[in-house]
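# Notes for the structure review
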Amino acid sequence: MFVKISTVLTVLFFSLTAYAIPGFRQITLSDSQHRQLNVVVWYPATSQHSAEVVAENKAFFGVKVVRDAYPTITTHPLLVLSHGYRGNWRNLSWIAEVMAEQGYIVAALDHPGTSTFDHDPLEAGKLWQRPRDISAVINLVTGSPELFGRVDPQRIAALGHSLGGWTVIALAGGRFVPSRLLKNCRHQILRGDCQLVQQLGLTDHETRQRWRKDLSDPRIKAVVSLDPGLAPGFTADSLRHISIPVLLLAAGSDHLAQLPSSQEAGYLAAYLPAKGDALYIIHGATHFSFMQLCKPGATNLIDQESPGEGIVCRDGGGRSRGDIHRQLILQISQFLNTALNYPFSGRGTSLATYQ
């Protein structure tokens, strides 16, 4: 499927407008219920002083930013990112970098209870809060033009990986019913998401009332779901009635996270209406190929500190993660710019990172 459009995408990508190194701010957001969100925002900036690298550690490469730079006075699209189970905002920073260079304001956060640094079981069991977290971040960014620049309200999108992929489908209008997933999991007990139902509070009957509420956000005009989980819990009828464009990108070589694309992204694609929606299986990608680039030796380094966790740096099909990222960013860029009717021209610079 990708082969048919790769030439068009390549021509498109090399006509993008490149903004300079983006500005970057980090903010702690608290709601009335004392739920704290660690939020980071990349944005087109006018200042190019003292660039630094964020989201980098011994195992993963980071991205360049200018901390607390002045935002531009122009209006921009907004893209909000949602990480996977026990992930964090750094995981999708490679996407944030490229989209910010194209003129997007890009926001990401750490979801309480399901992030790398917060395993609070009480928060993890409030899965319905994840879509609300994204809505809260949209409120923050759209209400703070002096910090991040002005957002075009007709050009707001959300992108998520894994559990974040579930989050953005809920924001698009998918109605999740835990009992549907639990029934499905009786026949798929080894599937990765089925092994998390208790940790995510999906067996708690006392929270059923929470799931009857609409979790969608009408401000969001398009979503990208990367190798999502928990998909069989969405009702077919609600998926049929999603009215915004949806792009599904699934791992084609995953045997690590046990999230078969046919049962997850494939389930969603079977019911989504044909309004710009598409499912692409990414050859050579594992579930973790959607995360940031790993440094040489990262697999062994991570395994030494956390045995078995080095799988996050393993890819398949003889492809490098940089090559997989290049394919992904081409598809994501084309989809979002088309879905949001966002005109631009020129060339981005960070693609060289993925060569």
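Structure: above.
Summary of the structure given here.

Rules used in this analysis
Residues numbered from 1 in each chain as written. Predicted model: local features only at pLDDT ≥ 70, side-chain atom pairs only at ≥ 80, totals over all residues. Heavy atoms only, no water. 1 Å grid on protein atoms, 1.4 Å probe; cavity = no way out; pocket = protein on both sides within 12 Å on 5 of 7 lines; lining within 4 Å. Points joined across faces, edges and corners; volume = space filled by probe spheres on them. Pairing = 2+ DSSP bridges. Helix = DSSP H or I, 4+ residues; strand = E, 2+ residues; numbered from the N terminus. Axes fitted to C-alpha atoms, helices over the stretch in contact; angles between N-to-C directions. Contact = heavy atoms within 4.5 Å. Salt bridge = Lys/Arg side-chain N within 4 Å of Asp/Glu carboxyl O. Buried < 20%, exposed > 50% of the residue type's maximum accessible area, 1.4 Å probe, protein only. Phe/Tyr/Trp six-rings, centres within 6.5 Å; stacked < 30°, edge-to-face > 60°. Expected span 1.5 Å × (residues − 1). Parallel < 35°, antiparallel > 145°, perpendicular 65-115°, else oblique. Nonpolar A, V, L, I, M, F, W, Y, C, P; charged D, E, K, R; others polar. Left-handed = near helix turned anticlockwise from the far one by under 90°.

### Some details on empty space enclosed by the protein
Within this structure, the stated rule accounts for 1 cavity of 30 Å³ or more. Of the volumes computed, that of the largest cavity is approximately 30 Å³.

### Topic: the sheet that holds strand S1 (residues 23-30)
Strand order in this open sheet of 10 strands is S3-S4-S1-S2-S6-S5-S7-S8-S9-S10, and the pairing throughout is mixed. With partners counted over all chains shown, the strands left at the sheet margins are strand S3 (52-54) and strand S10 (278-282), one partner each. Between one strand and the next, the sheet's axes are offset by a mean angle of 30 degrees, whatever the strand orientation. As defined by bridge partners, strand S7 (residues 150-161) adjoins strand S8 (residues 222-226) across 5 bridges and the pair is classed as parallel. Each residue of the ladder has a partner; that of His161, found in S8, is Leu226. Of the strands in this sheet, S1, strand S2 (36-43), strand S5 (75-82), strand S6 (105-110) and S7 are in contact with helix H4 (residues 129-142), which crosses S5 at around 155 degrees.

### Here's the deal with the pattern of salt bridges
Tallying each qualifying case throughout the model produces 15 salt bridges. For Glu264, the salt bridge goes to Arg191, with nearest N and O atoms at 3.1 Å. Remark: Arg191 occurs in the loop between helix H7 (178-185) and S8 and Glu264 occurs in the loop between strand S9 (246-251) and helix H9 (265-271); sequence separation between them is 73 residues. Judged by relative accessible area, Arg191 falls into the buried class, the value being 4%. A salt bridge links Arg219 to Asp217, with the shortest nitrogen-to-oxygen separation between them at 2.8 Å. Within the structure, one salt-bridge network assembled from shared partners comprises Arg35, Glu123, Lys126 and Asp133.

### Quick notes on the packing of aromatic side chains
Overall, the coordinates contain 12 aromatic pairs when judged by the stated rule. Residues Tyr43 and Phe148 carry aromatic rings whose centres are separated by 6.1 Å and whose planes lie at 70 degrees to one another, so their mutual orientation is edge-to-face. Highlighted residues: Tyr43 in strand S2 and Phe148 in helix H5 (residues 145-148), separated in sequence by 105 residues. Take Phe148: its relative accessible area is 0%, and that puts it in the buried class. Residues Phe176 and Phe234 carry aromatic rings whose centres are separated by 5.7 Å and whose planes lie at 75 degrees to one another, so their mutual orientation is edge-to-face. One end of the pair, Phe176, is in the loop between helix H6 (163-172) and H7; the other, Phe234, is in the loop between S8 and helix H8 (236-240), and 58 residues separate them in sequence. Exposure remark for Phe176: the relative accessible area of 3% places this residue in the buried category. Taken together, the ring pairs connect Trp128, Trp166, Phe176, Trp211 and Phe234 into an aromatic cluster.

### Let's talk about H4
Here H4 is 14 residues long and its end C-alpha atoms lie 20 Å apart, about the 20 Å a rise of 1.5 Å per residue gives. Summarising burial for H4: 10 of the 14 residues are buried, a large majority. Within H4 the residues assigned to the buried category are Gln129, Arg130, Pro131, Asp133, Ile134, Ser135, Val137, Ile138, Leu140 and Val141.

### Considerations on the packing of H4 against H6
Relative orientation of the contacting elements H4 and H6 amounts to 75 degrees, with a least axis distance of 9 Å. In terms of orientation, H4 lies roughly perpendicular with respect to H6. Contacts from Arg130, Pro131, Ile134 and Ser135 in H4 reach Leu163, Gly164, Trp166, Thr167, Ala170 and Leu171 in H6. Residue classes in the contact of H4 with H6 are distributed as 6 nonpolar, 3 polar and 1 charged.

### Some remarks on the packing of helix H2 (residues 93-101) against helix H11 (residues 321-339)
Relative orientation of the contacting elements H2 and H11 amounts to 50 degrees, with a least axis distance of 11 Å. When the axes of H2 and H11 are compared, the pair comes out oblique. The two elements H2 and H11 meet at a crossing, and its hand is right-handed. Between H2 and H11, the residues in contact are Trp94, Ile95, Val98 and Met99 and His325, Leu328, Ile329, Ile332, Ser333 and Leu336, respectively. Classifying every residue of the contact of H2 with H11 by side-chain character gives 8 nonpolar, 2 polar and no charged.

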